[in-house]
Amino acid sequence: MGKSYPIGNPREIRKLCGLHSGKSRADLGREIKENWSRIQVRAMASGFKNWIPTLPNSLEILGTSTKVEKSRKLKTKTKIQYLNPGRQSGIELCGFRCSGCTGGCLGNTASRLRMFSGKNSKTWKTMLLIGDPVRYFSLLQIEIDSHIRSCHRDGIAPSLRLDGSSDTGMADALSEIFPDCIFYDYTKSRFRMNRFLDGSFSDNRHLTFSRSSKNHDASLDILNRGGSVAVPVLQDKSDWPSEWQGFPVYDATETDARFWDSPGWQFLTWVGPKSDHAEKSGFLVNLGESR
């Protein structure tokens, strides 16, 4: 366990975002490409040890996925960011992960993210974040602004999930900078989840706690306090009970818009990657058992 990299606290992110120069996306893209060799050196000096990615012609930090696209039926459009999960880059981006979630991480097992293009996309964004956080956050701000304007033109709610395959908490600060957009994530950080439940974040920030084999008791505590918990399970949906551990079971595979869930005790269940490691490590929960 440990702090998420590379920003230790929201104050540092706000400071970096304050350095936004107002340049266009094209200008930033050109600068990043011209300075890519120096960015690589700075990233490796900071601990980046992954392979050197290839920059695409069009530099876009935010993307989409099959799951977040399902949220459109709830009149919201979500953009998602995928970075190198865990310590894949050489630097820890998921400070509270367990071995089971590391082995079954959707950031590695999802179909598109397993392909070379998906791996390259995660890696160049991570390298840019580590090697040139000023230009990274400048580009990210431009994309967030564009996403918000596009959604407002279409008459739908803009939402963002910046930790699609990581647990950095960068949206804790960005949600304050962009109050017209909903920022939501899943996290295994009990500290950040407690702050969310205590009302320490802005109203447009939402967190769902991710249950693992190491935080079962913390998950029950969060449920008792009215928080939401996502649980990867062993059984297919046809075998789900209506309740587990005294809390109702909800299907979280129908949409990723967790911020639209009803307030109060929620027990959100989704089917995780079914590998031998995920099952034996306790990452996948057997709903037929007491724990």
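Residues numbered from 1 in each chain as written. Predicted model: local features only at pLDDT ≥ 70, side-chain atom pairs only at ≥ 80, totals over all residues. Heavy atoms only, no water.

**Student:** In this structure, what is going on with the confidence of the model for the chain? I would like to understand it.
**Tutor:** Residues shown with low pLDDT carry predicted positions that ought not to be read at fine detail. With 82% of its residues at a pLDDT of at least 70, the chain reaches an overall mean of 84. Low pLDDT (under 50) marks residues 1–6, which in the prediction has 17 contacts with non-local residues, meaning those over four places away or in another chain. (pLDDT = per-residue confidence, 0-100. Contact = heavy atoms within 4.5 Å.)

**Student:** Please explain the nonpolar core as it appears in this structure.
**Tutor:** For soluble globular proteins, the rule of thumb is that nonpolar side chains tend to be buried together. Core analysis: the largest hydrophobic core is formed by 37 residues, its most contacted members being Phe137, Leu140, Leu162, Met170, Leu174 and Phe183. Elements that contribute at least two residues to this core include exactly α1 (10–17), α2 (25–34), α3 (36–45), α8 (116–131), α9 (133–154) and α10 (171–177). A total of seven residues in this core trace back to one element, the largest contributor, which is α9. Beyond its immediate sequence surroundings of up to four residues, Phe183 is in contact with Ile144, Leu160, Leu162, Ala171, Leu174, Ser175, Phe178, Asn204, Arg205 and His206. Counting 18 residues, the second largest nonpolar core, distinct from the first, contains Ala218, Leu220, Val229 and Val231. (Core = buried A, V, L, I, M, F, W, Y, C linked by side-chain atoms within 4.5 Å. Buried < 20%, exposed > 50% of the residue type's maximum accessible area, 1.4 Å probe, protein only. Helix = DSSP H or I, 4+ residues; strand = E, 2+ residues; numbered from the N terminus.)

**Student:** What's the story with the packing of α2 against α9 in this structure? I'm lost.
**Tutor:** A pair of packed helices is characterised by two quantities: the angle between their axes and the separation of those axes. For the pair α2 and α9, interaxial distance at closest approach is 10 Å and the crossing angle is 155°. In terms of orientation, α2 lies roughly antiparallel with respect to α9. Every pair of crossing elements has a handedness; the one defined by α2 and α9 is left-handed. The segment α2 lies against α9, with Arg25, Leu28, Glu31 and Ile32 engaging Arg135, Ser138, Leu139, Ile142, Glu143 and Ser146. Looking at the contact of α2 with α9 residue by residue, the class counts come to four nonpolar, two polar and four charged. (Axes fitted to C-alpha atoms, helices over the stretch in contact; angles between N-to-C directions. Parallel < 35°, antiparallel > 145°, perpendicular 65-115°, else oblique. Left-handed = near helix turned anticlockwise from the far one by under 90°. Nonpolar A, V, L, I, M, F, W, Y, C, P; charged D, E, K, R; others polar.)

**Student:** Would you explain the environment of Met127 in this entry?
**Tutor:** Residue placement: Met127 occurs in helix α8. Taking the relative accessible area as the measure of exposure, Met127 reaches 0% and is therefore buried. Once residues within four sequence positions are removed from consideration, Met127 is found in contact with Trp36, Ile39, Gln40, Ala43, Phe48, Ile52, Pro53 and Asp132.

**Student:** Looking at this structure, I do not really get the packing of aromatic side chains. What am I missing?
**Tutor:** For any two aromatic rings, the description comes down to two numbers: the centre-to-centre distance and the angle of the planes. The final tally for this structure, using the stated rule, is three aromatic pairs. Ring centres 4.8 Å apart and planes at 85° place the aromatic pair Tyr136 and Phe137 in the edge-to-face group. As far as the burial class goes, Tyr136 and Phe137 line up, both buried. (Phe/Tyr/Trp six-rings, centres within 6.5 Å; stacked < 30°, edge-to-face > 60°.)

**Student:** It is not clear to me how unusual backbone geometry should be interpreted in this structure. Could you clarify?
**Tutor:** Negative phi characterises most residues that are not glycine, and trans characterises most peptide bonds. Of note in this structure, Lys75 is not a glycine but carries a positive phi near 65°. When you line up the elements, Lys75 lands in the loop between α4 (66–69) and β1 (76–80). A residue is classified by how much of its surface remains accessible, and Lys75, at 58% relative accessible area, is exposed. Within the chain, Gln245 stands out as a residue other than glycine whose phi angle is a positive 60°. Take Gln245: it is sitting in the loop between β6 (243–244) and β7 (247–248). Residue classification places Gln245 among the partly exposed positions, given a relative accessible area of 27%.

**Student:** It is not clear to me how the side chain of Glu143 should be interpreted in this structure. Could you clarify?
**Tutor:** Turning to its location among the elements, Glu143 is positioned in helix α9. Residue classification places Glu143 among the buried residues on the basis of a relative accessible area of 6%. Here the side chain of Glu143 touches Ile61 through a polar contact of 2.7 Å, landing on its backbone nitrogen. (Polar contact = N/O pair within 3.5 Å; in protein donor to acceptor, adjacent residues only side chain to side chain.)

**Student:** Got a minute to help me understand α1 in this structure?
**Tutor:** Residues spaced three or four apart along an α-helix face the same direction, because each turn holds 3.6 residues. Regarding α1, the residues found buried are Ile13, Leu16 and Cys17. Taken around the axis of α1, the buried residues stretch over an arc of 100°, which confines them to a single face. Residues of α1 that are exposed and point over 90 degrees away from its buried face: Arg11 and Lys15. Where the residues of α1 are buried, they touch α9 and α10. (Arc of directions from axis to C-beta.)

**Student:** Can you walk me through the pattern of salt bridges in this structure?
**Tutor:** Pairs may arise between side chains of opposite charge once their charged atoms sit close together. Under the counting rule described, the total for this entry stands at 21 salt bridges. Note that Arg72 and Glu69 form a salt bridge whose closest N and O atoms lie 2.9 Å from each other. By relative accessible area, Arg72 is classed as partly exposed at 41%. Bridged by salt links that share partners, the residues Lys23, Glu31, Arg42, Asp132 and Arg135 form one connected network. (Salt bridge = Lys/Arg side-chain N within 4 Å of Asp/Glu carboxyl O.)

**Student:** I keep staring at the environment of Pro133 and nothing clicks. Help me out?
**Tutor:** Position of Pro133 relative to the elements: it lies in helix α9. Sequence spacing of Pro133 and Leu16 is 117 residues, and the spatial spacing of their C-alpha atoms is 7.3 Å. Ignoring sequence-local partners within four residues, the contact set of Pro133 consists of Leu16 and Leu128.

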